[in-house]
Amino acid sequence: RPNIRYERNSVMAQKLGQELEYLMSHEAGLFGTKAIDNHAQLFIVDRKNDPVTPLLTQWTYHALLYELIGINNGRIDLSHVPGIRPEVKEVMLSQDQDTFFKQSQHLNFGDLGASIKKFVEMYQTNTKSHHQIESIADMKRFVEAYPEFRKLSGNVTKHVTLVGELSRLVAERHLLAVSELEQSLACNEQHNSDLKALRALISNAKITAENKVRCAILYALRYERAQGNATAELKQLLTSSGVDADQVASIDVVLRYAGVGERQSDLFQNENLFSRGRSIFKGLQGVENVYTQHTPALAEMVEQIVRGKQGLHWQERLPNLDPKARPPLLGNENGMHNQDIIVFVVGGVTMEEEMAVAKLNEKFASQNVRLLIGGTSIHTSSSFLAELSTTFFP
């Protein structure tokens, strides 16, 4: 039976915790009774304290499939894809039955290309083919040219088709350029250059309205209190470039939901001199990939708690639902050991956060810490904005 903590500034998180506590108390046969030495923790957090993560392009294989094509109960509909072959109009994804997907779901898009090339070459060797393979397009031509290959491995055919469609969508929507600006807005404090790049992006007719609006929202969130804030100008620029009024209004919707006055944390590390210094220092560190600089706030929170860092801060931010409870203190200098930690996000969780928790599970396996993440939904950027628009009217 877990000890429950909730984010102090979230009425929804507290209410959910109370309902769960009531349920567990009245179903003692299922949940047992609270032990003094409790090894299970439930942290209920609120999406409004990190509205940035669901707005970013996420570059892992699983996340790209979910965001750009869509996954419904493990099924992917490809019937709309130009030139799609009949046998792959609908495909299934399963970690249990698909070894390649299980191994590749958390690979970023660049590493994914190398991984699937190796996968195709392995089967190419089996078919004694010497077809030259240098690109995704080469892989697709190889698969189509050898019917016996398609029969031999429908699984490879499936993934070549999926990666080919992702490549087409990334290029068609200019997602590399969009993502580079998103990451800058999410991770770095450079107002003038961000504003200049954003004006250019909004004026670019090749960028979709949805991507223009997402970048404008990220700007409005980061520079909400900045001197020279140009959110009003950007809204006018969006309107003049043909973006729908409801989409432009979503900027104000997100600020009302998760603006600086609603959040509990210094999300961008730019609200005081000390945090701005940390932010600049953080930006100087080596980054594996300019498109994956961002780390979800949830992952940073969990890692600090498990390591025993900033205990007083987290105990204040995540109070016990039951003030009489005596769970392990947050901030033990030896860190947490032998703990099951469940993090539940009211307002929805993202694939980026799921991947981050998977990596933390590997990192803290030696401490016997097991992490589980859940939420009221799994969000893409479009589903996040659609949900807010129906809740917080423009």
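Quick summary incoming for the structure in this document. As the structure is a prediction and not an experimental result, all values here were calculated from the model.

With that settled, the discussion passes to the environment of Val213. Mapped onto the elements of the fold, Val213 is located in helix α11 (residues 209-222). On the basis of relative accessible area, Val213 is assigned to the buried category, the value being 3%. For the pair Val213 and Leu234, spaced 21 residues apart in the sequence, the C-alpha separation amounts to 9.4 Å. When near neighbours in sequence (up to four residues on either side) are disregarded, Val213 contacts Leu238, Val243, Gln247 and Ser250.

Moving on, we get to the sheet that holds strand β1 (residues 3-6). Read across the sheet, four strands follow the order β1-β2-β5-β7 without closing on themselves; strand pairing throughout is parallel. In this open sheet, the two strands that pair with only one neighbour each are β1 and β7 (369-375). Going from strand to strand, the sheet's axes swing by 20° on average, the running direction of each strand aside. Where β1 and strand β2 (residues 40-46) come together, four bridges link them in parallel fashion. Counted as the bridge partner of Arg5 is Phe43 from β2.

The next subject is the packing of aromatic side chains. Applying the stated criterion across every chain yields a total of five aromatic pairs. Here the aromatic rings of Trp59 and Tyr291 are separated by 6.0 Å at their centres, their planes lie at 55°, and the arrangement is tilted. Of this pair, Trp59 sits in the loop between β2 and α3 (61-69) while Tyr291 sits in the loop between α14 (273-284) and α15 (297-307), and the two are 232 residues apart along the sequence. Taking relative accessible area as the criterion, Trp59 reaches 5% and is therefore assigned buried. Measuring from ring centre to ring centre gives 6.3 Å for Tyr257 and Phe384, while their planes differ by 65°; the resulting arrangement is edge-to-face. Remark: Phe384 occurs in helix α18 (residues 381-391) and Tyr257 occurs in helix α13 (residues 245-258); sequence separation between them is 127 residues. The class of Tyr257 is buried, set by a relative accessible area of 10%. Three or more aromatic residues joined by ring pairs form one cluster here, namely Trp59, Phe109 and Tyr291.

One can describe the packing of helix α9 (residues 175-187) onto α11 by two numbers: an axis separation of 9 Å at closest approach and a directional angle of 10°. When the axes of α9 and α11 are compared, the pair comes out roughly parallel. Residues Leu175, Val178, Leu181, Glu182, Ser184, Leu185, Ala186 and Cys187 of α9 form the contact with α11, whose own contacting residues are Asn211, Arg214, Cys215, Leu218, Tyr219 and Arg222. For the contact of α9 with α11, the class distribution of residues is nine nonpolar, two polar and three charged.

Looking now at empty space enclosed by the protein. Gaps left between atoms show up when a probe the size of a water molecule is rolled over them. The final tally for this structure, using the stated rule, is one cavity of 30 Å³ or more. Estimates place the volume of the largest cavity at around 40 Å³. Contributing to the lining of the largest cavity are Gln58, Ala63, Tyr66, Glu67, Met351, His379 and Thr380. Class assignment for the residues of the lining of the largest cavity results in three nonpolar, three polar and one charged.

Cut-offs used in this document
Residues numbered from 1 in each chain as written. Predicted model: local features only at pLDDT ≥ 70, side-chain atom pairs only at ≥ 80, totals over all residues. Heavy atoms only, no water. Helix = DSSP H or I, 4+ residues; strand = E, 2+ residues; numbered from the N terminus. Buried < 20%, exposed > 50% of the residue type's maximum accessible area, 1.4 Å probe, protein only. Contact = heavy atoms within 4.5 Å. Pairing = 2+ DSSP bridges. Axes fitted to C-alpha atoms, helices over the stretch in contact; angles between N-to-C directions. Phe/Tyr/Trp six-rings, centres within 6.5 Å; stacked < 30°, edge-to-face > 60°. Parallel < 35°, antiparallel > 145°, perpendicular 65-115°, else oblique. Nonpolar A, V, L, I, M, F, W, Y, C, P; charged D, E, K, R; others polar. 1 Å grid on protein atoms, 1.4 Å probe; cavity = no way out; pocket = protein on both sides within 12 Å on 5 of 7 lines; lining within 4 Å. Points joined across faces, edges and corners; volume = space filled by probe spheres on them.

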